[in-house]
Amino acid sequence: MKSVIIYASTHHGNTKKVVEAISKECGVDLVDATKVPEKDLSGYDAIGFASGIYASKFHQSVLNFASVNLPEDKKIFYICTYGAKGSYKSIEKVTAGRNATLLGTFGCKGYNTFGPFKLIGGTGKGCPTEKDLQAAVDFYKELDK
Ligand SMILES: Cc1cc2nc3c(=O)[nH]c(=O)nc-3n(C[C@H](O)[C@H](O)[C@H](O)COP(=O)(O)O)c2cc1C
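The rules behind these values
- Residues numbered from 1 in each chain as written.
- Predicted model: local features only at pLDDT ≥ 70, side-chain atom pairs only at ≥ 80, totals over all residues.
- Heavy atoms only, no water.
- Near = heavy atom within 4 Å.
- Polar contact = N/O pair within 3.5 Å; in protein donor to acceptor, adjacent residues only side chain to side chain.
- Areas by Shrake-Rupley, 256 points an atom, 1.4 Å probe, with all protein chains shown as cover.
- 1 Å grid on protein atoms, 1.4 Å probe; cavity = no way out; pocket = protein on both sides within 12 Å on 5 of 7 lines; lining within 4 Å.
- Sits in = over half its atoms within 2 Å of the grid points.
- Helix = DSSP H or I, 4+ residues; strand = E, 2+ residues; numbered from the N terminus.
- Axes fitted to C-alpha atoms, helices over the stretch in contact; angles between N-to-C directions.
- Parallel < 35°, antiparallel > 145°, perpendicular 65-115°, else oblique.
- Left-handed = near helix turned anticlockwise from the far one by under 90°.
- Contact = heavy atoms within 4.5 Å.
- Nonpolar A, V, L, I, M, F, W, Y, C, P; charged D, E, K, R; others polar.
- Core = buried A, V, L, I, M, F, W, Y, C linked by side-chain atoms within 4.5 Å.
- Buried < 20%, exposed > 50% of the residue type's maximum accessible area, 1.4 Å probe, protein only.
- Pairing = 2+ DSSP bridges.
- UniProt positions renumbered as here; feature names shortened; annotations may be inferred.
- Points joined across faces, edges and corners; volume = space filled by probe spheres on them.

What follows concerns the site of the ligand. Within the structure, the ligand sits among 21 residues, and Ser9, Thr15, Ile53, Tyr54 and Thr81 are positioned closest to it. Ser56 is positioned such that a nitrogen or oxygen atom in its backbone is 2.8 Å from an oxygen atom of the ligand. Here Tyr111 contributes a backbone N or O atom positioned 2.9 Å from an oxygen atom of the ligand. Contact with the protein chains removes 86% of the 640 Å² of surface that the ligand exposes when unbound. The site holding the ligand turns out to be the largest pocket. Looking at the shell around the ligand, the elements that each hand over two or more residues are helix 1 (14-26) and strand 4 (75-82).

Next comes the structure, spelled out in structure tokens:
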């Protein structure tokens with residue numbers, strides 16, 4: 001399966017660690033949506049969208065990228081890292097109506113020093129852990145079976 005993951009990871013690089021682990025192990029292409037707003041995705045079998053969760057949403061750059069570039073009839077998957085809770089609603093809204101097939105979702109905790117959490121040294125220190133990265137790789141391998 002030829003895959004690409006479109007990602008944004010602006011807080012601590014937590015999501016980047018997750019997608020890089022998958023890319024390294026499984027040869028998946030990566031696109032940083034904060035730097036590349038457009039790309040022809042027609043040659044990919046599966047397209048992943050990955051992001052930290054900011055105010056309960058995927059990063060706006062990933063949402064914009066999906067809105068502009070997601071072709072019809074693709075297999076898709078979602079990955080997020082979060083402080084407290086993953087949420088896929090924002091990206092689901094954008095991909096709806098493209099006749100996409102959702103293969104699965106993966107989420108794990110990421111280090112978070114946003115707002116008041118900074119005062120207590122942040123939450124999720126050391127996250128994503130090695131175990132999380134392995135779980136992410138296993139998640140992708142399972143999709144690709
Ligand atoms: C501006 C901002 C808003 C955030 N909002 C949420 C939120 O609504 N829910 C949550 O669980 N985590 C929230 N977080 C924590 C991030 O989702 C978490 O740290 C994530 O791993 C960041 O990923 P990144 O390092 O790849 O950017 C927020 C972080 C920031 C900086």
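Any two packed helices are characterised by the angle at which their axes cross and by the distance between the axes. Between helix 1 and helix 4 (residues 130-143), whose axes approach to 9 Å, the crossing angle comes to 55°. The pairing of helix 1 with helix 4 is recorded here as oblique in orientation. By crossing handedness, the relation of helix 1 to helix 4 is classed as right-handed. On the side of helix 1, the interface is formed by Lys17, Val18, Ala21, Ile22, Glu25 and Cys26, while helix 4 contributes Leu133, Ala136, Val137, Tyr140 and Lys141. For the contact of helix 1 with helix 4, the class distribution of residues is eight nonpolar, no polar and three charged.

So, on to the nonpolar core. By size, the foremost hydrophobic cluster in this structure holds 22 residues, and its most contacted members are Ile6, Ile47, Phe49, Phe58 and Ile91. Looking at this core, the elements with two or more residues in it are strand 1 (3-8), strand 3 (46-52), helix 2 (60-69) and strand 4. Among the nonpolar cores identified, the runner-up in size contains 19 residues, and Val19, Val28, Cys108 and Tyr140 belong to it.

Turning next to the sheet that holds strand 3. Pairing is parallel across the open sheet formed by five strands, whose spatial order is 2-1-3-4-5. Strands with a single pairing partner mark the edges of an open sheet, and in this sheet they are strand 2 (29-32) and strand 5 (101-109). The mean angle between the axes of side-by-side strands here comes to 20°, regardless of whether they run parallel or antiparallel. Strand direction decides the pairing type here: strand 3 and strand 4, joined by seven bridges, are parallel. Note on strand 4: the bridge partner recorded for Phe49 is Tyr78. Strand contacts of helix 4: strand 1, strand 4 and strand 5, with the helix running at about 175° to strand 5, the strand carrying the most contacts.

Right, let's get into the UniProt feature "domain: Flavodoxin" (unreviewed entry) in the protein chain. Following the UniProt record, one finds the feature "domain: Flavodoxin" (unreviewed entry) at residues 5-93. Split by type, residues 5-93 is 31% helix and 26% strand. Its first and last C-alpha atoms lie 18 Å apart.

Here the largest pocket defines a volume of roughly 460 Å³. Of all the secondary structure elements, the ones that give two or more residues to the lining of the largest pocket are helix 1 and strand 4. Looking at the lining of the largest pocket residue by residue, the classes come out as eight nonpolar, 14 polar and one charged.

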